[in-house]
Amino acid sequence: MAKRPPITNRVKELREAKDQMSQSALAKEIGVTRQTVIAIEQGKYSPSLESAFRIARVFDVGLEDVFGWDGD
Amino acid sequence: MFDMSKMFYYMGCTRFLTWGSLMGFQEKMAWAMVVVLIVTGVTYFSTVFQASAALGAVAPPDLPLMFGYAVFLVVLTIVAAVIISVSRPSEAGEGPDERDKLIQYKGEAQSGRLMGALMIGALLGVGMSGDANLLFHFVFANLIIAQIAQFGFQILYYRRGA
């Protein structure tokens, strides 16, 4: 099993809080595929800085409200 | 009456459809390319083996056979792409996103290393024998193996995380 990236996120939580926004709708907003949103939510993939900013802007919150650091 | 076989059949279908929906177009194409490359590669080399057996020596490179291989590969790739596109039209126009591109780069890097190792092995192992025909077939096989590995590594990164 691959080592999980040390970046945690609240994407699923924020997405559901935003009127149960679908993964497809979020994917469209940030310009990635639905499978990439799934991978981000599962912690299997850390998005690029640009996509991270786009996600934060969709939820109208700061970057650190979405992403956290869980490493050394 | 309750039919267990039907239940397992539907469970299998549901599982397959769920699995299919978790994969994007690029990952499905990677799976398809592994199958296509194995099928075309086995077909090509079984013909080379048969020709070699008939000759009693390693068969020389056969350009019409290679051309046929290339056409077979292209046709099967197009067929696979059409089937995948038709199965989920909403994803058909999707180009690779940042994760797909990262996975493609990683797959290419790993297969490049593998191809380098295989080429050195072919040069050392076959080159010393002085049989140019054998060397040609080994190098051609290495190219196909490296391509299969490239898509195999991509699938691994898609499943395990990039």
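Up top is the structure.
**Focus: the interface of chain A and chain B**
- In this complex, chain A contributes 14 residues to the contact, which on the side of chain B involves 16 residues.
- Interface area for chain A against chain B, summed over the two sides, is near 1200 Å², with a carbon-plus-sulfur share of 47%.
- Scanning the region where chain A abuts chain B turns up zero salt bridges.
- Taken together, chain A and chain B are joined by eight residue pairs in polar contact (both at pLDDT 80 or more).
- Ranked by residues supplied to the side of chain A that touches chain B, first place goes to helix α3 (residues 34-41) of chain A with five residues.
- Residues that form the side of chain A that touches chain B fall into these classes: six nonpolar, six polar and two charged.

**A word on unusual backbone geometry**
All names here are of chain A.
- For Asp19, which is not glycine, the phi dihedral falls at a positive 55 degrees.
- Note on placement: Asp19 falls in the loop between α1 (11-17) and α2 (23-30).
- Since its relative accessible area comes to 74%, Asp19 is described here as exposed.
- The phi angle at Asp60 is positive, at roughly 60 degrees, despite the residue not being glycine.
- Along the chain, Asp60 turns up in the loop between α4 (49-59) and α5 (63-66).
- Owing to a relative accessible area of 70%, Asp60 belongs among the exposed residues under this scheme.

**Let's talk about the packing of aromatic side chains**
All names here are of chain B.
- One pass over the structure, following the stated rule, counts six aromatic pairs over all chains.
- Here the aromatic rings of Tyr44 and Phe45 are separated by 4.8 Å at their centres, their planes lie at 85 degrees, and the arrangement is edge-to-face. Note on accessibility: Tyr44 and Phe45 belong to one class, buried.
- When the centroid spacing of 5.5 Å and the interplanar angle of 70 degrees are considered together, the rings of Tyr69 and Phe140 count as edge-to-face. Of this pair, Tyr69 sits in helix α3 (residues 63-87) while Phe140 sits in helix α6 (residues 132-160), and the two are 71 residues apart along the sequence.
- Judged by its relative accessible area of 10%, Tyr69 falls in the buried class.
- Feature note: the residues Tyr44, Phe45, Tyr69, Phe136 and Phe140 constitute an aromatic cluster, connected by ring pairs.

**Description of the nonpolar core**
- B:Leu37, B:Tyr44, B:Phe45, B:Tyr69, B:Phe140 and B:Phe151 are the most contacted members of the largest nonpolar core, which has 21 residues in total.
- Those elements that provide at least two residues to this core are α2 (25-55), α3 and α6 of chain B.
- When residues of this core are assigned to their parent elements, the largest contribution, eleven residues, is made by α2(B).
- Setting aside chain neighbours within four positions, we find B:Tyr69 in contact with B:Leu37, B:Thr40, B:Gly41, B:Tyr44, B:Phe140 and B:Ile144.
- A:Leu14, A:Met21, A:Ile55 and A:Ala56 belong to the second largest nonpolar core, which has 18 residues in total.

**With respect to α3(B)**
Residues and elements named next belong to chain B.
- With 25 residues, α3 extends 36 Å from end C-alpha to end C-alpha; this agrees with the ideal 36 Å at 1.5 Å per step.
- Within α3, the full set of buried residues consists of Met66, Tyr69, Leu73, Thr77, Ala80, Ile84 and Ser85.
- Where α3 is buried, its residues contact α2, α4 (89-92) and α6.

**Side note on the environment of A:Trp69**
All names here are of chain A.
- Looking at the secondary structure, you find Trp69 in strand β2 (residues 67-69).
- Taking the relative accessible area as the measure of exposure, Trp69 reaches 58% and is therefore exposed.
- With 63 residues separating them in the primary sequence, Trp69 and Pro6 have C-alpha atoms 5.9 Å apart.
- With residues near it in sequence (within four places) discarded, Trp69 still touches Pro6, Ile7 and Thr8.

Basis of the calculations
Residues numbered from 1 in each chain as written. Chains lettered and ligands numbered in written order. Predicted model: local features only at pLDDT ≥ 70, side-chain atom pairs only at ≥ 80, totals over all residues. Heavy atoms only, no water. Contact = heavy atoms within 4.5 Å. Buried area = accessible area lost by both parts, 1.4 Å probe. Salt bridge = Lys/Arg side-chain N within 4 Å of Asp/Glu carboxyl O. Polar contact = N/O pair within 3.5 Å; in protein donor to acceptor, adjacent residues only side chain to side chain. Helix = DSSP H or I, 4+ residues; strand = E, 2+ residues; numbered from the N terminus. Nonpolar A, V, L, I, M, F, W, Y, C, P; charged D, E, K, R; others polar. Buried < 20%, exposed > 50% of the residue type's maximum accessible area, 1.4 Å probe, protein only. Phe/Tyr/Trp six-rings, centres within 6.5 Å; stacked < 30°, edge-to-face > 60°. Core = buried A, V, L, I, M, F, W, Y, C linked by side-chain atoms within 4.5 Å. Expected span 1.5 Å × (residues − 1).

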